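# Coordinate analysis (summary)
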Amino acid sequence: MSTDIVIAQDLWEEDEDAVITTWLASDGASVDAGDTVAEIMVQKIQHDIVAPASGTLKIVKEEDDTVSKGDVIGNVS
Amino acid sequence: MKPNKAQKIWMYEHMLVSRYFEESIEKIYMEGKSPAFNMANGPIPGEMHLSNGQEPCAVGVCAHLTAEDVVTSTHRPHHVAIAKGVDLDRMTAEIFGKKTGLSGGRGGHMHIFDAAVNFSCSGIIAEGMGPAAGAALSRQLQGKTGVAVAFLGDGAVNQGAFHEVMNLAAVWKLPVVFVVEDNGWGISVSKSDSTAVEHNDTRAAAYGMPGYRVINNDPVAVFEVAGNAIARARAGEGPSLIEIETYRLAGHFMGDAEGYRPDGEKDALHSKDPIPAMKRLLVAECGWGDSEELEITTKAHFRVDQAIQFARDSAYPEPEEALDKVFV
Amino acid sequence: MSDVAQKERKLTIARAMAEAVSQEMRTDERVFVMGEDVGPLGGVFGNTRGLFDEFGASRVRDTPISETAFIGAAVGAAADGMRPVVELMFVDFFGVCMDAIYNLAAKNSYFSGGHVPVPMVLMTSTGGGYSDAGQHSQCLHGTFAHLPGMKVVAPSNAYDAKGLMIAAIRDQNPVVFMFHKALQGMGWLGTEKGAINHVPEEAYTVEIGKAKVVREGKDVTVVGITSGVHHGLKAADILAEKGVSAEVLDLRSLVPLDRESILRSVAKTGRLIVVDEDYHSYGMSGEIIATVAEQGVKLHCAPQRVAYPDIPIPFSRPMEQWALPNAEKIVNSYELMTR
């Protein structure tokens, strides 16, 4: 079973897009639920993206990609 | 808060020790510096700033302090160090640059550190204020007793550090007291030529803290005002600023011709010397007589002579010791 | 179980610094943090993120814009038994507070005969490359390393950042902790991916004063610190394609300087290039070349340096980028020295 890593709608207030600045775990790495796996940036503000489940990380959106609220940037299976 | 008899005698005693110490240092400083005045020569080389006349500031404040309280002082530190209880033998040896000095001769007269009584000083104007505030913050954070007092000269109030630290101490309500020893001169420049306000206690208002001014170089008045300010700090009510009108009976430093003083100023100041004034007070209020005077003077002289002998008898450090203590 | 052993835990330098400070704060009540915007904001460069929420306003203190006051206060608190970690937001701001740094923090141990140590950490950001001009882009490695009495460390990656920060907090001496903004992992400053690496969760130290060979080679030694290490690694890749084997040495500390590691590497390769984003003259690059020269290490050719020209850092992108060290300049230096 795979759980998507989704950019939450309430992570920031404005409607603008974000950029993935850093994946803190590599594609294929083992992660635990609650681990911070990525940082995304809206203007100068950084937000943490945490693993929604434990398992193996699959990266869908790469570093420097632009992402919007609701986007799936990876999954854990 | 008025001093009792024992406190008055304590203040007088430390004034006498301090004055006799400075008079002794003054004589020894000139050894090897005549006829040619070369600062590098003699048993006490380097710069020398004597505190003759400023003893009331030191004793009136330090009468309220114990070893655990923190004091930072200035380039003119001897009177405060003596009142704070700094080890006189080792301080004197330090002034002589000897191995037995407080830092083994690395600091000298402007850099006296005695951790046992939480005393330090610095040769940079207003530089002791930040560390005093920091020590006060340390006590506040640790919930430990003890307050900090920073001594500074009237010239220091125009330094940026003064204003920055006044604000920081007030905004964090730190248990610290700032004591301005106002001797009217910053080396050769008069207070009126350098400072936009007549009295610096008024500057306290800009930082939301109480400011006090003590006139006439009066140790008893210093005791009263400092007592209130220190009690306020101990109670956690925040910092205070005190300006004390005091007299610099010596030059700024040894070798100062003092040509900048108006005619007659020096004589006028000597006529108001706080030591005879304090003695008169003891005679009037405490039944002070010749025998008490002889005893306390003898004791003071003995203590200072002993420290000077200790310094003279001590060895110089090995030159290579200069490489030690950069890091611990 | 093998999953646990293999689990990767990458951090940015910003996160590694914050984690190091938080772990020390948990185990040592004497540790506290002061600086501008280090509280709820988490530091302008992210290195105090999360500390305010965990430890509160008393131990994570936003200060007035008053560096002379709060760095001076750090000295007094350290002398009184605390372990302050203070931030000078940009190293360029040292002009408003250097007295507290080099006349107090650096000298109190000496002037007290070692009886009043000053165990404080001054963390400060360095480096440019993002058009912030000459008051917010300098490195000033040489300025701080020149003055006796302070240790100076400057990590190139998150692993070293955490270990050096913990070592700095535990050190009895003042330690200047310089972190390069482009390595910090803040997206808006550009991010050097090579600075983000695996960081163990537990507390550990990286010894202050020990350099590290981050890439072994036999033809030329490239010595650098912070950004210079990454330029050196990229240059080594390019040189490898040309059949040249470059060894890259990350100094990690400027004071104490690990002269032995420099000499060992240069004795092996016989060639030396020093990379420094600090100014060319009177600085780290000259010190390292002098060290090698004084020891009479036999070189195949004259050493080279790739350092910042002796100019205030310009604002305009083409001018600034032209002036900065980079991998290409290192490769060119190698070609020049072996021509």
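The structure we're discussing is the one just above.
Residues numbered from 1 in each chain as written. Chains lettered and ligands numbered in written order. Predicted model: local features only at pLDDT ≥ 70, side-chain atom pairs only at ≥ 80, totals over all residues.

## So, the overall build of chain B
What counts, and what does not: Numbered from the N terminus, helices here are DSSP runs of H or I no shorter than four residues, and strands are runs of E no shorter than two. With C-beta atoms placed from the backbone, a residue counts as buried when 20 or more other C-beta atoms lie within 10 Å of its own, as exposed when 12 or fewer do, and as partly exposed for counts between those limits. The contact criterion used is a C-beta to C-beta distance within 7 Å, with each C-beta placed from the backbone.
If you tally the helices and strands in chain B, you get 11 helices and 8 strands. Counting the 328 residues in chain B, one finds 51% classified as buried. Of the contacts formed within chain B by residues at least 6 apart in sequence, a portion of 74% connects residues at least 24 apart.

## Side note on helix α8 (residues 219-234) of chain B
Residues separated by three or four positions in an α-helix point in the same direction, a consequence of the helix having 3.6 residues per turn. All names here are of chain B. Applicable threshold: Helices are assigned an expected span. That span is 1.5 Å times one less than the residue count.
Here α8 contains 16 residues, and its C-alpha end-to-end distance of 21 Å stays within 8% of the 22 Å for a straight helix at 1.5 Å per residue. Among all positions in α8, only Pro 219, Val 222, Phe 223, Val 225, Ala 226, Ala 229, Ile 230 and Ala 233 are buried. Tucked inside the fold, the buried residues of α8 contact α1 (5-30), α2 (55-62), β4 (176-182), β7 (211-214), β8 (240-245) and α10 (274-286).

## Here's the deal with the pairing of strand β13 (residues 272-279) of chain C
A regular strand places its side chains on the two faces of the sheet in alternate fashion. Residues and elements named next belong to chain C. Basically, it comes down to this: What makes two strands pair is DSSP finding at least two bridges between them. Every crossover in which the path from the first strand over the helix to the second runs clockwise, viewed with the strands pointing away from the viewer, is termed right-handed.
Counting buried positions along β13 yields 8 of 8 residues, so the element is predominantly enclosed. By the bridge criterion, 3 bridges tie strand β10 (residues 220-224) to β13 in an arrangement that is parallel. Looking across to β13, one finds that Val 223 is bridged to Val 274. For the crossover that starts at β13, traverses helix α11 (residues 284-294) and ends in the parallel strand β14 (residues 304-308), the hand is right-handed.

## Brief notes about the interface of chain B and chain C
Rules: Basically, the charged four are Asp, Glu, Lys and Arg, the nonpolar ten are Ala, Val, Leu, Ile, Met, Phe, Trp, Tyr, Cys and Pro, and anything else, Gly included, counts as polar.
Contacts between chain B and chain C engage 33 residues on the former and 34 residues on the latter. Grouping the amino acids of the side of chain B that touches chain C by side-chain chemistry returns 19 nonpolar, 10 polar and 4 charged.

## What to know about the nonpolar core
Short version of the rule: As used throughout, a nonpolar core is a set of buried Ala, Val, Leu, Ile, Met, Phe, Trp, Tyr and Cys residues joined through C-beta atoms within 7 Å of each other.
The biggest cluster of nonpolar side chains holds 220 residues, and the ones touching the most others in it are Ala 133, Val 149, Val 176, Val 179 and Ile 242 of chain B together with Phe 177 of chain C. The contact partners of Phe 177 of chain C, leaving out residues within four places of it in the chain, are Val 121, Leu 122, Met 123, Val 153, Leu 164, Met 165 and Ala 168 of chain C.

## Here's the deal with the sheet that holds β14 of chain C
Residue and element names in this part refer to chain C. The condition that has to hold: Lines fitted to the C-alpha atoms define the axes, with helices restricted to the stretch that makes contact. Angles between their N-to-C directions range from 0 to 180 degrees.
Strand order in the open sheet formed by 5 strands is β9-β11-β10-β13-β14, with mixed pairing between adjacent strands. Edge positions in the open sheet fall to β9 (212-215) and β14, since each of these has one partner strand only. Recorded for the sheet is a direction-independent mean angle of 25° between the axes of neighbouring strands. Looking at chain direction, β13 and β14 are connected through 5 bridges and run parallel. Counterpart to Val 275 in the pairing with β14 is Val 306. Most of the contacts of helix α9 (residues 227-241) go to strand β11 (residues 246-250), to which it runs at about 170°, and overall it touches β9, β10, β11 and β13. Across the sheet, helix α13 (residues 327-337) touches β10, β13 and β14, and the angle it forms with β14 is around 150°.

## What about the interface of chain A and chain C?
Accessible area lost on assembly of the parts is the figure often given for the size of an interface. In this assembly, 11 residues from chain A lie in contact with 14 residues from chain C. Counting residues per element, the side of chain A that touches chain C draws most heavily on strand β2 (residues 18-23) of chain A, which supplies 3 residues.

## Things to note about unusual backbone geometry
With an omega dihedral of 0°, the bond running from Ser 34 of chain B to Pro 35 of chain B counts as a cis peptide bond. For Pro 35 of chain B, the position within the fold is in the loop between α1 and α2. Note the cis peptide between Val 255 of chain C and Pro 256 of chain C, where omega equals -5°. Among the structural elements, Pro 256 of chain C can be located in the loop between β12 (253-255) and α10 (259-269). Although it is not a glycine, Lys 173 of chain B sits at a positive phi angle of roughly 55°. The residue Lys 173 of chain B is located in the loop between α6 (160-171) and β4 in this model. A positive phi is found at Asp 37 of chain C, a non-glycine position, where the angle reads about 65°.

## A closer look at the packing of α10 of chain C against α11 of chain C
Packed helices, taken two at a time, are described by the angle between their axes plus the distance between the axes. Residues and elements named next belong to chain C. Selection criterion: Here a crossing is taken to be left-handed if its near helix is turned anticlockwise relative to the far helix by less than a right angle, and right-handed if that turn runs clockwise.
Running from N to C, α10 and α11 point in directions that differ by 65°, and their axes come no closer than 10 Å. Of the two possible hands of crossing, α10 and α11 adopt the one that is right-handed. For the pair α10 and α11, contact is made by Arg 259, Ile 262, Leu 263 and Val 266 and by Ile 288, Thr 291 and Val 292, respectively. In terms of residue class, the contact of α10 with α11 is built from 5 nonpolar, 1 polar and 1 charged.

## Thoughts on the sheet that holds strand β2 (residues 31-35) of chain C
Residues and elements named next belong to chain C. One open sheet accounts for 7 strands, arranged β3-β2-β4-β5-β7-β6-β12; its pairing is mixed. At either end of the open sheet lies a strand with only one pairing partner, and these are β3 (60-62) and β12. Direction aside, neighbouring strands of the sheet carry axes that sit 20° apart on average. Seen against the sheet, helix α4 (residues 67-79) touches β2, β4 (83-90) and β5 (121-126) and runs at an angle of roughly 160° to β4.

## As for the arrangement of the chains
The assembly contains 2 pairs of chains in contact; the pair sharing the most contacts is chains B and C. No part of chain A reaches chain B; the closest C-alpha pair between them is 29 Å apart.

## Brief notes about the pairing of β2 of chain A
Residues and elements named next belong to chain A. The element β2 is largely enclosed, with a buried count of 5 among its 6 residues. Relative to strand β7 (residues 66-67), β2 runs antiparallel, the two being bridged by 2 bridges. Counted as the bridge partner of Val 19 is Thr 66 from β7. Across 4 bridges, the pairing between β2 and strand β4 (residues 36-42) is antiparallel. If you follow Val 19 over to β4, its bridge partner there is Met 41.

## Thoughts on the environment of Asn 157 of chain C
Residue and element names in this part refer to chain C. Residue placement: Asn 157 occurs in the loop between β6 (151-153) and α8 (158-170). Residue Asn 157 is classed as buried on the basis of its 26 C-beta neighbours within 10 Å. The sequence separation of Asn 157 and Ala 16 amounts to 141 residues, and the corresponding C-alpha distance is 9.1 Å. Asn 157 has contacts with Gly 194, Ala 195 and Asn 197, leaving out every residue within four places of it along the chain.

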